[in-house]
Amino acid sequence: MATYRSFEDLEIWQLSRELCNDIYEIIESSELKNNFRLANQIDGSSGSIMDNIAEGFERNGNKEFIQFLYISKASCGETRSQLYRVLDRNFISDEKFEVLKTKTTDLSKKIGGFIFYLQKSDLKGSKYKNR
């Protein structure tokens, strides 16, 4: 596997950023923007996916990174659940829902795969070098 110098290099972070922007686009282009609580919740949970990947990466240790990746994966599930509420309240079409549901499902699987990789890796993280 490649060496990553920053969280921005990670495909899972890039995909989570894309998802977060998709969610924001829905909020701004629909009546969802008037449902402040739901809009705030789904905006927050989608942002939490990318933010926890970044925060975990910046901890410079695999054990902590894995912990934050689990939080990120959970936020992905939370976002997917909130998408059902957005659909049920007719803020998005069935087609758009399916696209975003697939994105959240695929992203969750990729995060899970990355967690598995890190758990099997002998690398502990840069903060453990020279100890």
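First things first, this report covers the structure right here in the doc. Predicted, not measured: the structure shown is a model, and the values here were computed from it.

The rules behind the values
Residues numbered from 1 in each chain as written. Predicted model: local features only at pLDDT ≥ 70, side-chain atom pairs only at ≥ 80, totals over all residues. Heavy atoms only, no water. Helix = DSSP H or I, 4+ residues; strand = E, 2+ residues; numbered from the N terminus. Buried < 20%, exposed > 50% of the residue type's maximum accessible area, 1.4 Å probe, protein only. Contact = heavy atoms within 4.5 Å. Lys, Arg positive; Asp, Glu negative; His and termini not counted. Charge placed at Lys NZ, Arg CZ, Asp CG, Glu CD. Expected span 1.5 Å × (residues − 1). Phe/Tyr/Trp six-rings, centres within 6.5 Å; stacked < 30°, edge-to-face > 60°. Core = buried A, V, L, I, M, F, W, Y, C linked by side-chain atoms within 4.5 Å. Axes fitted to C-alpha atoms, helices over the stretch in contact; angles between N-to-C directions. Parallel < 35°, antiparallel > 145°, perpendicular 65-115°, else oblique. Left-handed = near helix turned anticlockwise from the far one by under 90°. Nonpolar A, V, L, I, M, F, W, Y, C, P; charged D, E, K, R; others polar.

Notes on the overall build of the protein
Part 1: Broken down by element type, the protein carries four helices and zero strands.
Part 2: The dimensions of the protein, computed from C-alpha atoms along their principal axes, are 55 × 20 × 20 Å.
Part 3: Looking at the 131 residues of the protein, the share that counts as buried comes to 41%.
Part 4: Long-range contacts, defined here as pairs at least 24 residues apart, represent 75% of the contacts in the protein between residues at least 6 apart.
Part 5: The averaged location of the 20 negative side-chain charges in the protein is 8 Å from the averaged location of its 20 positive side-chain charges.

Things to note about helix α3 (residues 62-88)
Part 1: The terminal C-alpha atoms of α3 lie 39 Å apart, and with 27 residues this matches the ideal 39 Å at 1.5 Å per residue to within 8%.
Part 2: A positive phi of about 65° marks Asn-90, the residue just after α3.

Focus on unusual backbone geometry
Part 1: Non-glycine residue Asn-60 carries a positive phi angle of around 65°.
Part 2: Tracing the backbone through its elements, the reader meets Asn-60 in the loop between α2 (36-58) and α3.
Part 3: Exposure remark for Asn-60: the relative accessible area of 35% places this residue in the partly exposed category.
Part 4: Residues other than glycine seldom take positive phi values, yet Asn-90 does so here, at roughly 65°.

What about the environment of Gly-112?
Part 1: Among the secondary structure elements, Gly-112 is positioned in helix α4 (residues 94-120).
Part 2: Along the sequence, Gly-112 and Ser-48 sit 64 residues apart, while their C-alpha atoms lie 16 Å from each other.

As for the packing of aromatic side chains
Part 1: Within the structure shown, the criterion is met by six aromatic pairs.
Part 2: Ring geometry for Phe-7 and Trp-13: centres 5.2 Å apart, planes at 65°, overall edge-to-face. In terms of burial, Phe-7 and Trp-13 fall into one category: buried.
Part 3: Their ring planes at 65° and their centres at 4.7 Å tell us that Tyr-84 and Phe-97 sit as a pair that is edge-to-face.

A closer look at the nonpolar core
Part 1: Core analysis: the largest hydrophobic core is formed by 34 residues, its most contacted members being Leu-10, Ile-12, Leu-32, Ile-53, Leu-69 and Ile-111.
Part 2: Mapped onto this core, the elements with two or more residues apiece are α1 (11-29), α2, α3 and α4.
Part 3: Counting residues per element, this core draws most heavily on α2, at eight residues.

Details of α4
Part 1: The end-to-end C-alpha distance of α4, which contains 27 residues, comes to 39 Å, matching closely the 39 Å that a straight helix rising 1.5 Å per residue would cover.
Part 2: Of the surrounding elements, those touching the buried residues of α4 are α1, α2 and α3.

Details of the packing of α2 against α3
Part 1: Contact pair α2 / α3: the axes reach a minimum separation of 8 Å and the direction vectors enclose 160°. Here α2 lies roughly antiparallel to α3, going by the angle between them. The interaxial crossing formed by α2 with α3 has left-handed handedness.
Part 2: Partitioning the contact of α2 with α3 into residue classes produces twelve nonpolar, ten polar and three charged.

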